[in-house]
Structures are given as C-alpha cells and as structure tokens.
Amino acid sequence: MGNKASVDETDSMTRVYCVSDLHSDEEDNMELLEKLVAKTPKHPDINVLIVAGDISGDCKVIEETLLLLLQVFPTIFYCPGNNELRMHKKEKGFDSIEKFEKVMKICEKIGVHVTAKKINGVWIVPLFSWYTPTFSDDWDGDFSYQRGWLDFRRCRFPTLSEKYTEDPDVIANYFLNLNKDHVHAYDEPVITFSHFLPRKELLPPFQFLKPTLPFVTGCKGIEKQIREIGSIVHVYGHTHVNNEFEKNGVRYVQNALGHPRERKAWWRSFDGSYTFKLVYTHKEK
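As the structure is a prediction and not an experimental result, all values here were calculated from the model.

### Quick notes on the packing of helix α1 (residues 27–38) against helix α2 (residues 59–70)
Line of reasoning, step 1. Two elements in contact, α1 and α2, have axes separated by 9 Å at closest approach and are oriented at 20°. Relative to α2, the element α1 is oriented roughly parallel. As for how α1 packs across α2, the hand of that crossing is left-handed. Across from Met30, Leu33, Glu34 and Val37 in α1, the residues of α2 making contact are Thr65, Leu68 and Leu69.
Line of reasoning, step 2. Taken together, the residues of the contact of α1 with α2 sort by class into five nonpolar, one polar and one charged.

Here it is, written out as structure tokens:
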C-alpha cells in the first residue's frame with residue numbers, strides 16, 4: 001500500500017488515506033491541493049481521509065481546506081496541530097484552548113469527524129495531544145530551549161502555563177485526557193492518529209536534528225494510548241519528514257505536504273507529486 005496518483009473508484013473495499021501539515025494558508029499549497037482535488041474522482045462513502053493536523057492558524061482557512069477535501073472525501077477525520085492553536089494579533093480575549101474548541105465547532109458544523117467512529121468495519125480514533133520536553137531522554141530540565149520556537153510566543157495556555165515549570169507535561173496531559181473515553185480495546189481493526197510523534201524513533205536522523213527539536217516534537221503518552229487501544233496503524237505529522245516505520249505490530253506513517261520552501265530539501269525527497277497516501281484497506285467479511 002503506497003501513494004497513488006488517483007483514488008480508486010467505488011467497490012466493496014474500505015480505503016483509508018492520510019495527509020498532514022497541509023499549511024494551506026500558503027498560496028502554493030492551496031493551489032496544489034485545489035489541483036489535487038480537481039483530478040481526484042469523487043469517493044464512495046467507504047473511502048476515508050485522515051488529516052493529521054497543521055492545516056493553518058486561520059480558522060477560515062481551516063474550514064475552507066476541509067470543505068475542499070470534502071468534495072472528494074465525504075468521510076474525513078481530523079485533529080488540530082500546533083499551528084491551529086497559535087494566536088494571531090487580531091485574536092484577542094481568548095486563548096489557545098478556546099481556539100481549539102472553536103476549531104472543534106467548525107468541524108461539527110461541516111461534518112468532519114473529531115471523535116472515534118467505526119466506518120464499515122474499521123475504527124478511526126483521533127488522539128489529541130501536545131508535545132513535551134520529557135519526550136526526549138536528553139532534556140535536563142532547562143526551559144531556555146523555548147526561546148527558539150514560535151509556539152512559545154504565539155500559543156496561550158494561561159491556566160496551564162502557570163504549572164508548566166513544575167510539570168512540563170501539563171499541556172500534553174490536558175489534551176491526552178480528552179481522549180480517555182476512546183482509550184480502550186475495540187471489536188474491529190483500529191487506526192489511530194495524532195499530530196505529534198508518539199515515539200522517538202520517528203524523529204529525523206539525529207545528526208541532522210536541530211538540538212532542541214526533540215523537546216517540541218512528541219509525547220510518550222500518545223504511544224501509551226496507542227498500545228491500550230490496540231491500533232494497527234498510527235498516522236502522525238509535525239516533522240514534515242515522510243516516513244513509514246513498524247514497531248511491535250503497529251505501522252507508523254507520515255504523509256506531510258509541508259512548506260513550499262521545503263520542496264527541494266534533501267530530507268523531503270519531494271518531486272512535486274504529492275497525493276493522498278493509502279495506508280489501509282479493509283473488506284468486511
């Protein structure tokens with residue numbers, strides 16, 4: 001199962017595709033997505049698209065992008081990333097948690113799934129999350145790494161941030177706790193997804209890492225929830241380094257579009273043919 005130039009026509013199979021990090025507030029990316037949608041045949045209901053975060057920090061663009069994808073994928077599952085929770089200058093009087101809730105309401109309004117649901121014999125389970133420095137075994141308790149990352153200037157968690165120095169997992173745990181009703185064994189195959197990384201093996205090669213990147217990339221609690229659920233595939237995003245990796249019966253997949261400036265980067269291996277990636281097929285007995 002790999003990338004396909006187009007999506008298969010109707011048949012009895014359930015197909016699950018994924019994308020992440022669409023960053024469609026960038027003009028080149030929205031144009032690419034519009035062309036991709038235009039050449040993709042309309043789907044039967046048994047085809048599913050997972051969007052694993054980082055569409056935009058602009059709620060209008062988030063809605064426009066999801067509506068565009070709904071033209072060919074009537075069944076979409078989505079979880080926000082860090083970009084969605086960044087606050088812009090015009091956004092005053094509320095914080096990143098309230099913005100998260102606003103994005104959830106947009107999804108409810110247009111019919112995008114943000115909670116667990118079974119689709120023709122396959123469970124799709126979104127896992128909300130945030131990153132934490134304890135994801136890295138090398139973090140020494142020093143918070144100075146925050147100066148190098150935009151989220152610490154643009155994301156606002158006022159009540160949680162007060163506790164952050166004592167408990168650096170407090171923001172991550174807030175989002176993980178939102179998943180609790182869906183963290184249990186299921187009666188059919190399960191595909192989970194999150195924006196952030198659940199395992200450090202999914203980081204880019206160490207020799208090419210920005211030294212503080214592991215502190216703002218993942219959360220070990222996601223992996224714990226994946227294992228409790230019994231997922232067979234986990235889709236993630238955030239690093240823009242597309243990858244497939246299997247560990248102890250779970251296949252981890254990233255299919256990020258990323259930023260236009262990254263197209264030619266050595267670590268992207270991007271040839272301009274970005275498409276929806278098929279990650280799972282299922283035929284009910």
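### Observations regarding helix α7 (residues 220–229)
Side chains three or four residues apart in an α-helix point the same way, a direct result of the helix having 3.6 residues per turn.
Line of reasoning, step 1. Taken as a whole, α7 has its buried residues at Gly221, Ile222, Glu223, Gln225, Ile226 and Ile229.
Line of reasoning, step 2. Where α7 is buried, its residues contact β5 (122–126), α6 (170–177), β6 (190–193), β7 (233–236) and β9 (250–254).
Line of reasoning, step 3. Positioned one or two residues after α7, Gly230 has a phi angle of 85°, which is positive.

### Quick look at the environment of Val233
Line of reasoning, step 1. Relative to the elements of secondary structure, Val233 occurs in strand β7.
Line of reasoning, step 2. The sequence separation of Val233 and Pro189 amounts to 44 residues, and the corresponding C-alpha distance is 9.1 Å.
Line of reasoning, step 3. Once you skip the residues sitting within four places of it in the chain, Val233 turns out to touch Val190, Ile191, Thr192, Val250, Arg251, Val253, Val279 and Tyr280.

### What about the packing of α2 against helix α3 (residues 96–110)?
Line of reasoning, step 1. Across the interface, α2 lies against α3 with an axial gap of 10 Å and an inter-helix angle of 30°. What the angle tells us is that α2 and α3 run roughly parallel. Seen along the crossing, α2 lies across α3 with a hand that is right-handed. Here Cys59, Ile62, Glu63, Leu66, Leu67 and Leu70 of α2 lie close against α3, whose contacting residues are Lys99, Lys102, Val103, Ile106, Cys107, Lys109 and Ile110.
Line of reasoning, step 2. Residue composition of the contact of α2 with α3, by class: nine nonpolar, no polar and four charged.

Rules used throughout
- Per chain, the residues get numbers from 1 upward, laid out in the order the sequence is written.
- Only residues with pLDDT of at least 70 get local features here, since the model is predicted, and only at 80 or more are side-chain atom pairs given and counted; chain-wide, interface and lining totals rely on the full set of residues.
- By convention in this description, side-chain values take in all heavy atoms of the structure and omit both hydrogens and water.
- Orientation is described by axes fitted as lines to C-alpha atoms, over the contacting stretch for helices, and by angles from 0 to 180 degrees between their N-to-C directions.
- Strands are runs of DSSP state E lasting at least 2 residues, helices are runs of H or I lasting at least 4, and numbering of each runs from the N terminus.
- Should an angle lie under 35 degrees it is considered roughly parallel, over 145 roughly antiparallel, and from 65 to 115 roughly perpendicular; all remaining angles are considered oblique.
- Crossings are sorted by hand: turned counterclockwise from the far helix by less than a right angle, the near helix makes the crossing left-handed, and turned clockwise it makes it right-handed.
- Two residues qualify as a contact provided that any one of their heavy atoms is within 4.5 Å of a heavy atom in the partner residue.
- Classes in brief: Ala, Val, Leu, Ile, Met, Phe, Trp, Tyr, Cys and Pro nonpolar; Asp, Glu, Lys and Arg charged; the others, Gly included, polar.
- Think of it in three bands: residues with accessible area under 20% of the maximum for their type are buried, residues over 50% are exposed, and the middle band is partly exposed, with areas taken using a 1.4 Å probe on protein chains only.

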